[in-house]
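Structural overview
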Amino acid sequence: RQPSGRYIPDAVAEGLAISSGRLEIPAASLIDERPVRLLAAFAVAQHHDVELSTRAQRLLRQKLSLVDDAFRVDSEASALFLQILSAPTRVYRTLQMMDEVGLLGAYLPEFAHVVGMWQQDMYHTYTVDIHSLFLVEQLRRILRGRYRTQLPLATELMREVRNPVWLYLACILHDIGKGRGGGHSGKGEKLVQAIAERLGLDEEASRIVEFLVLQQL
């Protein structure tokens, strides 16, 4: 902290900075130069266990047009997205903020279709997007043993999952077929095929995520 009481930003990865416990994007040009920093900002904030500043969130929203078809098939972007899903902490919070800013829907247009979508039934309390992201958090809680007394079998099974990231990805995508004319599991499976290809998933991972979306019910 400076003598005036103002915090001196701490430089972190990708030219980003942390000031007063918030991730800052010092200049809009950082995003223009390397659009993948749209995702990197969330990964870096997650790693340092901080929130994005209001200014950073506003800047990210202004730069969403940079998420084009080339961005969606970029291997570095895919690596960052999968890194966020595999992180030890703040997975749900990071995904939720990506959703609020609009980046998750921009990066996964199929998911954008269910953002803010309400479901009128007794099983769903949240909009489809939040319901899908919160499912990831609940499975992570089970994995950490939070419900070992209430859900011993689920806890045991989660700890046997070889690659939880595939499961989390299926959670995010499991309802993307909704609002497309019925049979949302089958429609979702077909949409997942294109997403898996863009993310560069190998054949086994793609097959498992597609299977989980198709068999979700």
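Bear in mind that the values here come from a model prediction, so they are computed numbers and not experimental data.

The subject of this paragraph is helix α2 (residues 37-48). Given a rise of 1.5 Å per residue, 12 residues ought to cover 16 Å, and the 16 Å separating the end C-alpha atoms of α2 matches this to within 8%. Across the 12 residues that make up α2, a large majority, 10, are buried. The complete set of buried residues in α2 reads Arg37, Leu38, Leu39, Ala40, Ala41, Phe42, Ala43, Val44, Ala45 and Gln46.

For the rest of this paragraph, the subject is the packing of helix α6 (residues 91-101) against helix α9 (residues 128-143). Contact pair α6 / α9: the axes reach a minimum separation of 9 Å and the direction vectors enclose 170 degrees. Relative to α9, the element α6 is oriented roughly antiparallel. Here α6 runs over α9; the crossing is right-handed. Listed contacts from α9 to Val91, Tyr92, Leu95, Gln96 and Asp99 of α6 are Asp129, Ile130, Leu133, Phe134, Val136, Glu137 and Arg140. Partitioned by chemical class, the residues of the contact of α6 with α9 number 7 nonpolar, 1 polar and 4 charged.

When the terminal C-alpha atoms of helix α5 (residues 75-86) are compared, their 16 Å separation across 12 residues agrees well with the 16 Å that a helix rising 1.5 Å per residue should span. All buried positions along α5 are accounted for by Ala77, Ser78, Leu80, Phe81, Ile84 and Leu85. In an axial view of α5, the angular spread of the buried residues amounts to 160 degrees, which keeps them on one side of the axis. Against α2, α4 (69-72), α6, α7 (103-107), α11 (164-173) and α12 (184-199) lie the buried residues of α5. Where α5 begins, the capping side chain belongs to aspartate 74, and its oxygen is found 3.0 Å from the backbone nitrogen of glutamate 76.

This brings us to the packing of aromatic side chains. Throughout the structure, instances matching the rule amount to 4 aromatic pairs. Here the aromatic rings of tyrosine 92 and phenylalanine 134 are separated by 5.7 Å at their centres, their planes lie at 70 degrees, and the arrangement is edge-to-face. With tyrosine 92 in helix α6 and phenylalanine 134 in helix α9, this residue pair connects regions lying 42 residues apart in the sequence. Chaining the aromatic ring pairs together yields one cluster made of Phe71, Phe81 and Tyr107.

The rules behind each value
Residues numbered from 1 in each chain as written. Predicted model: local features only at pLDDT ≥ 70, side-chain atom pairs only at ≥ 80, totals over all residues. Heavy atoms only, no water. Helix = DSSP H or I, 4+ residues; strand = E, 2+ residues; numbered from the N terminus. Expected span 1.5 Å × (residues − 1). Buried < 20%, exposed > 50% of the residue type's maximum accessible area, 1.4 Å probe, protein only. Axes fitted to C-alpha atoms, helices over the stretch in contact; angles between N-to-C directions. Parallel < 35°, antiparallel > 145°, perpendicular 65-115°, else oblique. Left-handed = near helix turned anticlockwise from the far one by under 90°. Contact = heavy atoms within 4.5 Å. Nonpolar A, V, L, I, M, F, W, Y, C, P; charged D, E, K, R; others polar. Arc of directions from axis to C-beta. Polar contact = N/O pair within 3.5 Å; in protein donor to acceptor, adjacent residues only side chain to side chain. Phe/Tyr/Trp six-rings, centres within 6.5 Å; stacked < 30°, edge-to-face > 60°.

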